[in-house]
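Below are the chains, spelled out letter by letter.
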Amino acid sequence: MSGDARRLSPVDVVIVGGGWAGSIMAKEMTEAGRSVVMLERGPDRSTAADGAYPASIDELEGNFRYRLFQDLSKNTVTIRNNSQQTALPYRRMAAFLPGEGVGGAGLHWSGVHFRIAPDDLRLRSRVIEKYGRAFIPEGMNLQDYGVTYEELEPFFDKAEKVFGTSGEAYRVNGQVVGRGNVFAPSRSDHFPLPALKDVYTAHIFRKAAEEAGFHPYSLPAANASQQYVNPYGVQMGPCNFCGYCSGYACYMYSKASPNVNILPVLRRHPLFELRSSSHVLKVELDADGRRATGVTYLDADGQECMQPAEIVILAAFQFHNVRLMLLSGIGRPYDPARNEGVVGRNFVYQNVTTSTVWLDRGVETNQFIGAGGGGVAFDDFNSENFDHGPLGFVGGSPVWVNQAGVKPIGAAHVGGPPGTPRWGSAWKAGTIDTYRHSLRIDAHGANMAYRDVYLDLDPTWKDTCGQPLLRMTFDWKDNDIRMNRYVVDRIGDVAKAMDARQVHLVRREFGSPFDTRQYQTTHLGGGAVMGEDPGTSALNRYLQSWDVHNVFVIGANAFPQGTGYNPTGMVAALAYWAAHHIRVTYLAHPGPLAG
Amino acid sequence: MGIGSLRLMPSRRRFMQGLAGVAACGTVPAFGASAATRPPYAPRFFNAPQWDFLIAACARLIPADIHGPGALALDVPRFIDMQMQTPYGHGAGWYLAGPFMQGADNLGYQLPYTPRDLYQRGITGMNAHATTRHGRPFAALAPAVQDDLLRAAEQGSLVFDEVPSAVFFEQLLANVMEGAFSDPIHGGNTGLGGWTMLGFPGARADFMDWVDRYGAHYPLGSVSISGERA
C-alpha cells in the first residue's frame, strides 16, 4: 500500500470478484451476519440493461467485439509453450475469453452445469489403486482434491437449486429413478427442473450413441426448462432456445447468472455493498505475513484505497486469483525446476476437439436453435468409467452434442467441409451446406497437470497499473493427445450409426503446439490448488490458504487437474462447501481449518 | 406467433423461396444493379485508392453468384469503413503495450497495429505489389489475377514493409465475414441478404415452437434488430 492510499472503514469480509464464486460467498457471509464489500473491477451489469431484447441479440457485439468480456488492453497474460521460449502477450481475444464486470463470466456463460465424477476427486489414488504407481507418466503431477463426492453432495444439490438446473437423474438416494447418466453418482434429490427438450441434432446423436452401445443422457443445463423460483426467491423464465447464451446476458431470465439468481437479493441486503470499477492491486498482509489486513484497490476514480477486512476472499477468475496471490506474497511460488512451491503449480486447461457430421441435404439441422447448456452426452469414456489399463493414458472425455445456437458470423468462420476454400463461391456453397445440414460433436476432455506447465509472473510485460502480467507456460502432452484420439475414434463409432453423408473427425495431433489463435475453451484451471499436503497445494481442502489463514481462494484455480466436465458447477459447490466451513467453524474460531 | 398460424406458412415460404431461387439464377448482375440505385456511400476512413481496393477485394472474397448476393450487394465495404470509426477500429480491447517481438505463429498477434493501421499498411502493400508485378493497382486487375494475389496474401507469400500479408488478409477476411452476416444495424448485410442466403432467422430468438420440429425447414424469414424483414 502506498502512502497516499485512502483508508476506508473496516468490514468483516472483502470479496475480490463479482462472479459466481464471489456472489455465493457474499450471500453466505451476509446470511451469517457479516458485513461484506464486493470489489469488481469491471462495470456494473444487469440482465435488464445488458440483456435487453432485441439490442442484445447482436452476434457482432456479443461474440466478435466481446462486449461483456475482459478488456485485454488493460490487463492480459503472456503465453509460451515451454520454459525455453520467451512468453509473448495474449494481445487479442482468441483461445479463451475471460469475463469482466458484475456477474463475471457467469453473466454470459453457456450454462452446462455438471457435478464432478467422484473418481476425479481422488484421481491419483484411484489410478494407483487400479493400475499401479508406474502407470502415472513421468512429469505428471497427478493429485487428489482432498475432498470426497459424499462431502460435496449437499453443496452440489444446493447450487443446482439456486441455479434452477434442468436435467434428468439416474439415481437418487441409491434408487434408479430415470434415464439420466448411468455413470453419475447417486444424488440426494432430483434436478430442480426436468431436462430441456432435445434439439434435433441432440436427438440424432442420442439415437446413434445408443445404437453404438453407449449410454446417452441429457446434459445438465442451468437453462430453466420451466418457470422457476429459486430458494432465494428470485424468478426465472422458461428457456425458449433462442441460441444466444455464450457471450450474452439471457433476455429471458432463463439462464442462471449471479445477476439473476443471487445479486437481486444481495443488492438490497443492508450488510452488502458492491463496488464496481474497483481493481484490486494486492492483498495486504501484517508484518509477519501470516494474516491479511485487507486489500488495496483502485476505485472508479483511480484513487488508491485500502479496504481493511477480517477475511479476504479471492473470487476472481482462475488466473487472476493466482496472480493476486503471487503479487501479494501469499504462499510459496512454484519452482518447476525443483517441482516445489505451490502458487502457479498444476496449471491446467481443457482438451476439446470438435468433429462434424453432414446429413442428407433434405434434412435441416436448424443449428440456430439452441440452449447453452442443452444437449445430449455420453460418459462411457469419461473419468474412470472405462478401463485405462490397456490404453495407457490417464484421463477421459465426455462426448456430446451441445448445440448452443450457431449464428451466421460463426458459421461463416467454420465454413465448409475439409478442403473447402475459405472464401469465394466454393466457400459460399460449403458454408451454406454445412450450416443447414451438419451437426457438431465435441470430445470435451480432461487435461492433466504436468511439472513443466505452470503460472508465474512475467519479467517483461505489465498491466496499465504497472504490475507484471501473469505468464502461462502451457503445451499439450502426449498422454492427453492419446486420450483425445482414442475418444474421437469413439465419435467415429457414433457417426457410423448416423445416416451421414460425410464425417470429419478432428483429433489433437502429436507435436502440434497449443495455439493461442484458435478458440478452444475458457475452462482454465489450477495454479492455486486444493489438497491435503501443503507441499503440493496452495489451499487446504476448505480452499483456505495454508499460509495466511484469513484468505480463502474460490475458483477453478483449486482444481489439481482438469476434468472432462465444465467447471462452473464444481466451482459453485466448492464455494458453498468453503462458505459452510467458514460459517460453522472459522467465524467462531479464526485459524487454520486443516492442520 | 403460435403453432396454429405457423402451419399455414411453410408451403408459402417454400413457394417464395422457389421464386427467389429461380430469380437468383438469372439475375446475378441485378445484385449489383440494386446496389447502384442506392445513394453512394462516402467512406470516412478509406481514401479513394484504398476504397477502390476494398471494393475490389470484397467482390472477390464473397462474389455474387448462384448461391446468393455478394459482398458488394451486402454493403460490406460500408460496414468495414463504419467499423473503422468504432473503438474496435482504434484497437480497443487489444493489448498494444510494448515491447514488441515476434515469436512462433501459434503465440498469436504481436504487432503494435490497430485495425486501422493494418488496413492502411496492408492496402498500401497490396497495391504496391500489384503495381510492381502487374503495372496497375489491385482494383484495376482482372478478377483471376486479383484472386491469385489474395491467395498469395492468405498464404503469407507476399512481402509488405510492415505487416505480414497473412495478418492483413486475416483482418480483411474476418471483417468481410462480419459485414456479410452481422445485423444490418452495423452497416452490412443489406436487405438481410446474408442471413437469407444461410437460412438464419436473425433476431427472432424464440424457437420454443420449433425446437422439436425435427429436420423441418424453419418457415419464418429473417428479422433484424430494428425490425426490418427479409
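Everything quoted here is computed from the prediction, not taken from an experiment.

Visitor: I'd like a rundown of the overall build of chain B, residues and numbers included.
Guide: A tally of regular secondary structure across chain B gives 9 helices and 0 strands. Order of helices (α) and strands (β) in chain B, N terminus to C terminus: α-α-α-α-α-α-α-α-α. Within chain B, buried positions represent 48% of all 230 residues. A separation threshold of at least 6 residues defines the contact pool for chain B, and within that pool the share at least 24 residues apart is 61%. Summed over its atoms, the accessible surface of chain B is roughly 10,100 Å², and 59% of this surface lies on carbon and sulfur atoms.

Visitor: So what's going on with the interface of chain A and chain B? Which residues, and what values?
Guide: Contacts between chain A and chain B engage 69 residues on the former and 73 residues on the latter. For the pair chain A and chain B, the two sides together bury roughly 5,600 Å², of which 62% comes from carbon and sulfur. Its largest share of buried area at the contact with chain B, chain A owes to R91, R92 and W423 of chain A, together 16% of the area lost on that side. There are 5 salt bridges connecting chain A and chain B. Its salt-bridge partner being E154 of chain B, residue R422 of chain A comes within 3.1 Å of it at the nearest N-O pair. For the interface between chain A and chain B, the tally reads 38 residue pairs in polar contact (both at pLDDT 80 or more). When contributions to the side of chain A that touches chain B are tallied by element, the ones reaching two or more residues are α3 (59-64), β4 (77-80), β5 (88-89), α7 (200-211), α11 (408-414), α12 (424-437) and β20 (454-462) of chain A. The element best represented in the side of chain A that touches chain B is α12 of chain A, accounting for 9 residues.

Visitor: Requested: an account of the environment of V147 of chain A, with residues and values cited.
Guide: All names here are of chain A. Following the sequence through the fold, V147 ends up in the loop between α5 (123-131) and α6 (149-163). Separated by 385 residues in the primary sequence, V147 and E532 have C-alpha atoms spaced 8.8 Å apart. Apart from the residues lying within four places of it in its own chain, the contact partners of V147 are L121, L152, M530, R541 and W577.

Visitor: Outline the side chain of D58 of chain A, supporting the account with residue identities and numerical values.
Guide: Mapping D58 of chain A onto the fold places it in the loop between α2 (47-50) and α3. As a buried residue without a salt bridge, D58 of chain A has its nearest oppositely charged side chain in R67 of chain A, at a separation of 7.1 Å. Residues in contact with D58 of chain A, not counting those within four places in the same chain, are Y244 and Y248 of chain A together with I185, H186 and I225 of chain B.

Visitor: So, the sheet that holds strand β18 (residues 399-401) of chain A: which residues are in play, and what are the values?
Guide: The strands that make up a sheet pair up through hydrogen bonds in the backbone, lying either parallel or antiparallel. Residues and elements named next belong to chain A. With antiparallel pairing, 6 strands are arranged side by side in an open sheet as β8-β17-β18-β19-β16-β22. Lying at the two open borders of the sheet, with one neighbouring strand each, are β8 (216-218) and β22 (500-504). Along the sheet, successive strands turn relative to each other by an average axial angle of 25°, direction set aside. Pairing geometry for strand β16 (residues 351-359) and strand β19 (residues 438-445), over 8 bridges, is antiparallel. Its bridge partner lying in β19, T353 is registered against A443.

Visitor: Explain the UniProt feature "domain: Glucose-methanol-choline oxidoreductase N-terminal" (unreviewed entry) in chain A to me, using residue names and the numbers behind them.
Guide: In the UniProt entry, the feature "domain: Glucose-methanol-choline oxidoreductase N-terminal" (unreviewed entry) is given for residues 201-349 of chain A. Counted over residues 201-349 of chain A, helix gives 20% and strand 27%. Its end C-alpha atoms are 27 Å apart.

Visitor: Tell me about α7 of chain A, and name the residues and values.
Guide: Residues and elements named next belong to chain A. The first and last C-alpha atoms of α7 sit 17 Å apart over 12 residues, in line with the 16 Å expected at 1.5 Å per residue. All of the buried residues in α7 are Y200, T201, A202, I204, F205, R206, A208 and A209. Positive phi shows up at G213, right after α7, with a value of about 95°.

Visitor: Give me the lowdown on the packing of aromatic side chains, citing residues and values where you can.
Guide: Per the stated rule, a full pass over the model turns up 53 aromatic pairs over all chains. Ring geometry for F381 of chain A versus F386 of chain A: centroids 5.6 Å apart, planes at 70°, classification edge-to-face. Note on F386 of chain A: relative accessible area 9%, which makes it buried. Pairing F53 of chain B with F138 of chain B gives two aromatic rings, centres 4.8 Å apart and planes at 55°, and the pair type is tilted. Taken together, the residues F53 of chain B in helix α4 (residues 48-61) and F138 of chain B in the loop between α6 (115-134) and α7 (143-154) connect sequence positions 85 residues apart. Neither residue differs from the other here; F53 of chain B and F138 of chain B are each classed as buried. By way of ring pairs, the aromatic residues Y90, F96, F317, F319, F347, Y349, F474, W476 and F514 of chain A are connected into one cluster. A cation over an aromatic ring shows up here: K407 of chain A above the ring of Y244 of chain A, its NZ or CZ 4.9 Å from the ring centre.

What counts as what
Residues numbered from 1 in each chain as written. Chains lettered and ligands numbered in written order. Predicted model: local features only at pLDDT ≥ 70, side-chain atom pairs only at ≥ 80, totals over all residues. Heavy atoms only, no water. Helix = DSSP H or I, 4+ residues; strand = E, 2+ residues; numbered from the N terminus. Buried < 20%, exposed > 50% of the residue type's maximum accessible area, 1.4 Å probe, protein only. Contact = heavy atoms within 4.5 Å. Areas by Shrake-Rupley, 256 points an atom, 1.4 Å probe, with all protein chains shown as cover. Buried area = accessible area lost by both parts, 1.4 Å probe. Salt bridge = Lys/Arg side-chain N within 4 Å of Asp/Glu carboxyl O. Polar contact = N/O pair within 3.5 Å; in protein donor to acceptor, adjacent residues only side chain to side chain. Lys, Arg positive; Asp, Glu negative; His and termini not counted. Pairing = 2+ DSSP bridges. Axes fitted to C-alpha atoms, helices over the stretch in contact; angles between N-to-C directions. UniProt positions renumbered as here; feature names shortened; annotations may be inferred. Expected span 1.5 Å × (residues − 1). Phe/Tyr/Trp six-rings, centres within 6.5 Å; stacked < 30°, edge-to-face > 60°. Lys NZ or Arg CZ within 6 Å of the ring centre and 35° of its normal.

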